[in-house]
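Residue-level listing of the chains:
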Amino acid sequence: MIYSYKNNSSMLDKILKNFSYSYEEKEIYNIKVKYFIGEYWTSKQRQAHSLHEISYRACFKPQLPNFFIKNFTKENDIVYDPFLGRGTTLIEAILLNRQGIGNDVNPLSKILTEPRINPPTYHEVEARLNKIPFHKNLKADIDISMFYHPKTESEIVSLRNYLLEKENNLDKIDKWIRMVATNRLTGHSKGFFSVYTLPPNQAVSPQRQIEINKKRNQHPEYRNVKELILKKTKALLKDIDIFYNYPKSYLILTNDARNTTQIKSNSIDLIVTSPPFLNVVQYSKDNWLRCWFNGIDIKSVEDKIFITSSLEKWNNFMYNVFKELYRVLKPQGIIAFEVGEVKNGKIKLEEQLIPLAKNIGFSIEGVMINQQNFTKTANIWGIKNNIKGTNSNRILVLSKKG
Ligand SMILES: C[S@@+](CC[C@H](N)C(=O)[O-])C[C@H]1O[C@@H](n2cnc3c(N)ncnc32)[C@H](O)[C@@H]1O
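Residues numbered from 1 in each chain as written. Predicted model: local features only at pLDDT ≥ 70, side-chain atom pairs only at ≥ 80, totals over all residues. Heavy atoms only, no water.

1. Concerning the domain arrangement of the protein chain
Assigned domains of the protein chain: these are domain 1 (2-116 + 242-399) and domain 2 (122-236). Computed over C-alpha atoms only, the centres of domain 1 and domain 2 are separated by 30 Å. Each partner contributes to the interface: domain 1 provides 26 residues, whereas domain 2 provides 37 residues. Between domain 1 and domain 2 lies a buried interface of about 2800 Å² when both sides are counted; carbon and sulfur atoms form 65% of it. Linking domain 1 with domain 2 are 1 salt bridge. In this structure, Glu114 engages Lys175 in a salt bridge whose closest nitrogen and oxygen atoms are separated by 3.7 Å. At the surface where domain 1 touches domain 2, the tally comes to 7 residue pairs in polar contact (both at pLDDT 80 or more). The set of elements that each furnish at least two residues to the side of domain 1 that touches domain 2 consists of α4 (107-117) and α10 (283-293). Per-class residue counts for the side of domain 1 that touches domain 2 are 13 nonpolar, 6 polar and 7 charged. (Domains from an automatic or database assignment. Contact = heavy atoms within 4.5 Å. Buried area = accessible area lost by both parts, 1.4 Å probe. Salt bridge = Lys/Arg side-chain N within 4 Å of Asp/Glu carboxyl O. Polar contact = N/O pair within 3.5 Å; in protein donor to acceptor, adjacent residues only side chain to side chain. Helix = DSSP H or I, 4+ residues; strand = E, 2+ residues; numbered from the N terminus. Nonpolar A, V, L, I, M, F, W, Y, C, P; charged D, E, K, R; others polar.)

2. Details of the site of the ligand
Near the ligand, the surroundings consist of 24 residues, among which Tyr56, Arg86, Thr88, Asp104 and Phe306 are the closest. The separation between a nitrogen atom of the ligand and a polar side-chain atom of Ser274 is 3.2 Å. At 2.9 Å, a backbone N or O of Phe306 approaches a nitrogen atom of the ligand. Within the complex, the protein chains bury 96% of what would otherwise be the 600 Å² of accessible surface of the ligand. In the shell around the ligand, the residues fall into 14 nonpolar, 6 polar and 4 charged. (Near = heavy atom within 4 Å. Areas by Shrake-Rupley, 256 points an atom, 1.4 Å probe, with all protein chains shown as cover.)

3. A few points about empty space enclosed by the protein
Under the criterion given, the structure shown has 1 cavity of 30 Å³ or more. By volume, the largest cavity is sized at about 30 Å³. Around the largest cavity, the lining residues are Leu163, Leu164, Glu167, Leu170, Arg178 and Asn294. Its residues assigned to classes, the lining of the largest cavity comprises 3 nonpolar, 1 polar and 2 charged. (1 Å grid on protein atoms, 1.4 Å probe; cavity = no way out; pocket = protein on both sides within 12 Å on 5 of 7 lines; lining within 4 Å. Points joined across faces, edges and corners; volume = space filled by probe spheres on them.)

4. Describing the confidence of the model for the protein chain
For any part of a model where pLDDT is low, the fine detail of the predicted coordinates should not be relied upon. The predicted model of the protein chain averages 90 in pLDDT, with 90% of residues at 70 or higher. Note on residues 1-7: pLDDT is under 50 here. Beyond four places in sequence and across chains, it has 12 contacts. (pLDDT = per-residue confidence, 0-100.)

5. Overview of the nonpolar core
When a protein is soluble and globular, its nonpolar side chains tend to lie buried together. The biggest cluster of nonpolar side chains holds 55 residues, and the ones touching the most others in it are Leu159, Phe193 and Ile229. Breaking this core down by element, the ones donating at least two residues are α3 (88-95), α4, α5 (122-131), α6 (150-165), α7 (172-184), α9 (225-236), α10 and α11 (298-304). The residues contacting Ile229, other than those within four sequence positions of it, are Leu129, Leu159, Ile177, Val180, Ala181 and Phe193. (Core = buried A, V, L, I, M, F, W, Y, C linked by side-chain atoms within 4.5 Å. Buried < 20%, exposed > 50% of the residue type's maximum accessible area, 1.4 Å probe, protein only.)

Laid out in structure tokens, this is it:
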């Protein structure tokens, strides 16, 4: 049954009273669940802060955590994301003057997030880049010549050597440079160090890049590493103003989300997160170059990151994650758990999670579906296409009754 909001007093009804949405009640494993379908946030309504502009596989838009942080917390409350990714929730929490905790088993997550919480100034970055020795004629210990002009390769290797040698003594300026360089390694425009390739969160294999180069009849051109880092720095810092509130405290962990003993029980006001989805994303395929640059052993990371295409294994993992989230959440605390659409919507992951959450003791507040229609121009292999579609986020909202 679908009907508009009338007079209902649950928590989500109250929060959503100023929005127009359609409402549906479904029975899932004998549990009555409210569905609220509307357009609660769009990228057009509110431009996201420039600090977010770092790509990451399966990241959500900043407008999503912004909605929940604004509506469910007040200043200085503690916001947590157990699957931090590029840091969207933590950065949005800091921008809204909340305290933030983030966790992700992938060490690249901390490398990409932490520098943007305490950003240096453009001039500090410029001065540091002028001090770092950029040598000529250095070669990487692996063959990356299909991506980079020899001069660019030498600059990347110089920067990598500097960062790895200083590893335990990197200050916030070095960490910023490392974050930007990691993001600029490969991509599909002249703003990246590499010749044309896939977007930056999906580095291809060397063999595949050789094929792309042949097909496009291209050779890596020289790209100036220092200039590109400064250009991206300027873009990321664009919205930082004198009112930027440098956070007094924040915490970033690299644990398994099922085991975060550093976080006190009953301490978190709000969790906003999206877990690893049910799929077979090959971590090493996408991240080998980023890991190489940062001196990270990709095998050790791959063993820790949860990847499965088995619904049963996914449910089991999520059950244990929920147990841990229940522990750290304050009584009356809220979780907004975003699950993507899997297999073209045939599997609705929130339906899997609802009985697990109920079993642990959570109250099921409802499922919010944010639906946004879009038209975008995609440029794949040099061909422009107008793609129309719907971007939908499915968010399971839970609370811990005190
Ligand atoms: C869908 S992404 C989160 C994206 C994030 N919302 C953002 O905006 O960037 C899921 C994340 O879960 C992390 N992850 C996978 N297994 C994990 C585990 N066992 N514990 C903690 N994090 C894990 C992955 O590294 C990935 O960054």
